[in-house]
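The lines below spell out each chain.
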Amino acid sequence: MNFSALIFDCDGVLVDSEAIAIQAERELLASWGLDYDFQTFVSRFVGLHNRDFYAALASDAAALGLTLPEGFGPALQANNWARYETELTAIEGVASVTEVFGGALAVASSSEAGKLVRKLQITGLHDLFVPHVYSSDLVTNGKPAPDLFLLTAEKLNAAPEGCLVIEDSINGIKAARAAGMTAWGFTGGGHADAGLARRLEEAGAHGVFASHHEIASALRAG
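Description of the structure in this document. (Residues numbered from 1 in each chain as written. Predicted model: local features only at pLDDT ≥ 70, side-chain atom pairs only at ≥ 80, totals over all residues. Heavy atoms only, no water.)

In this section: the overall build of the chain. Check the secondary structure of the chain and you find 11 helices and six strands. The burial tally for the chain puts 55% of its 222 residues in the buried class. Considering only residue pairs separated by 6 or more positions, the chain has 70% of its internal contacts joining residues 24 or more positions apart. Carbon together with sulfur atoms contributes 50% to the accessible area of the chain, which is approximately 9,200 Å² in total. Distance from the positive charge centre (14 side chains) to the negative charge centre (27 side chains) of the chain: 2 Å. (Helix = DSSP H or I, 4+ residues; strand = E, 2+ residues; numbered from the N terminus. Buried < 20%, exposed > 50% of the residue type's maximum accessible area, 1.4 Å probe, protein only. Contact = heavy atoms within 4.5 Å. Areas by Shrake-Rupley, 256 points an atom, 1.4 Å probe, with all protein chains shown as cover. Lys, Arg positive; Asp, Glu negative; His and termini not counted. Charge placed at Lys NZ, Arg CZ, Asp CG, Glu CD.)

With 15 residues, helix 1 (residues 17–31) extends 21 Å from end C-alpha to end C-alpha; this agrees with the ideal 21 Å at 1.5 Å per step. For helix 1, the set of buried residues is Ser17, Glu18, Ile20, Ala21, Ile22, Ala24, Glu25 and Leu29. Buried residues along helix 1 sit against helix 2 (38–45), helix 3 (50–63) and helix 4 (72–87). Among the residues trailing helix 1, glycine 33 stands out with phi positive, at a value near 105 degrees. (Expected span 1.5 Å × (residues − 1).)

Here the focus is the pattern of salt bridges. With the rule as written, the count across this model stands at nine salt bridges. Measuring nitrogen to oxygen at the nearest pair gives 2.8 Å for the salt bridge that ties lysine 119 to aspartate 11. Highlighted residues: lysine 119 in helix 6 (residues 113–122) and aspartate 11 in the loop between strand 1 (5–8) and helix 1, separated in sequence by 108 residues. Across the pair, exposure class does not vary: lysine 119 and aspartate 11 are buried alike. Measuring nitrogen to oxygen at the nearest pair gives 3.0 Å for the salt bridge that ties glutamate 85 to arginine 118. Taken together, the positions of glutamate 85 in helix 4 and arginine 118 in helix 6 put the pair 33 residues apart, joining distant regions of the chain. Residue classification places glutamate 85 among the partly exposed positions, given a relative accessible area of 40%. When salt bridges that share partners are traced, they join Asp9, Lys143 and Glu167 into one network. (Salt bridge = Lys/Arg side-chain N within 4 Å of Asp/Glu carboxyl O.)

The tally for this structure, following the rule as stated, stands at 11 aromatic pairs. Geometrically, the ring pair formed by phenylalanine 41 and phenylalanine 45 is edge-to-face, given 5.1 Å between the ring centres and 75 degrees between the ring planes. Residue phenylalanine 41 and its partner phenylalanine 45 are both found in helix 2; the two are separated by four residues, about one turn of the helix. An identical accessibility class is assigned to phenylalanine 41 and phenylalanine 45; each is buried. Between tryptophan 81 and tyrosine 84 the ring centres are 5.0 Å apart and the planes differ by 85 degrees, which places this aromatic pair in the edge-to-face class. Highlighted residues: tryptophan 81 and tyrosine 84, both in helix 4, separated by three residues, approximately one helical turn. Comparing tryptophan 81 with tyrosine 84 shows no difference in burial state: the two are buried. Through a chain of ring-to-ring contacts, the aromatic side chains of Tyr36, Phe41, Phe45, Phe53, Tyr54 and Phe72 assemble into a single cluster. (Phe/Tyr/Trp six-rings, centres within 6.5 Å; stacked < 30°, edge-to-face > 60°.)

With 32 residues, the main nonpolar core has Phe8, Leu14, Ile166 and Trp184 as its most contacted residues. Here this core gets four residues from one element, more than from any other, and that element is helix 11 (residues 212–221). Each residue touching phenylalanine 8, except ones within four places of it in the same chain, is listed here: Val13, Leu14, Val97, Thr98, Leu105, Ala106, Val107, Ala108, Phe129, Ile166 and His212. With 25 residues, the next largest nonpolar core counts Ala153, Cys163, Val165 and Leu200 among its residues. (Core = buried A, V, L, I, M, F, W, Y, C linked by side-chain atoms within 4.5 Å.)

Shown next, in the form of structure tokens:
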């Protein structure tokens, strides 16, 4: 394996935000009448830009004859961030991967730009990746479209086929594959359930890893 660039998703890969967000969002949505089981919620929504997430929720609500509260999107985000500021942590072992990899590093996330930067700052990871921190705010089509990964490769002056992407979501794996990149699934986040590895493989992951230390070992092995 000879990769020129390593591109990380953020939520659930670098920072353990997905476990917080999934619990907080499912609880608040259920109070409004949208009750999702864990696997359905994770499979459909993890990895989406908020604009696509909110559109899907509004569509689901309309199909059920429900009316979501005005400003439901910001309400969901405010609920999440009340917990991020005090609970958010980096996922263990990120440095073990960045130290082993000798090429360019970047973050390509569906998080909104300002919130993406703040998550990396809270967890002490921002300086590892700046200036190559890219949000789906920069492209028209978010994951599972390949646009964000292709933009990131362009910014890194890297050919897509030379890029390795680390992703924890079905939407992210599909986006990386659509971009012509190698996609490795990651199941080391606090939100990972027993079926996540299988779902990532079914989405097209070239390999699935349970920790960053496993990824570092694979990179060392070449």
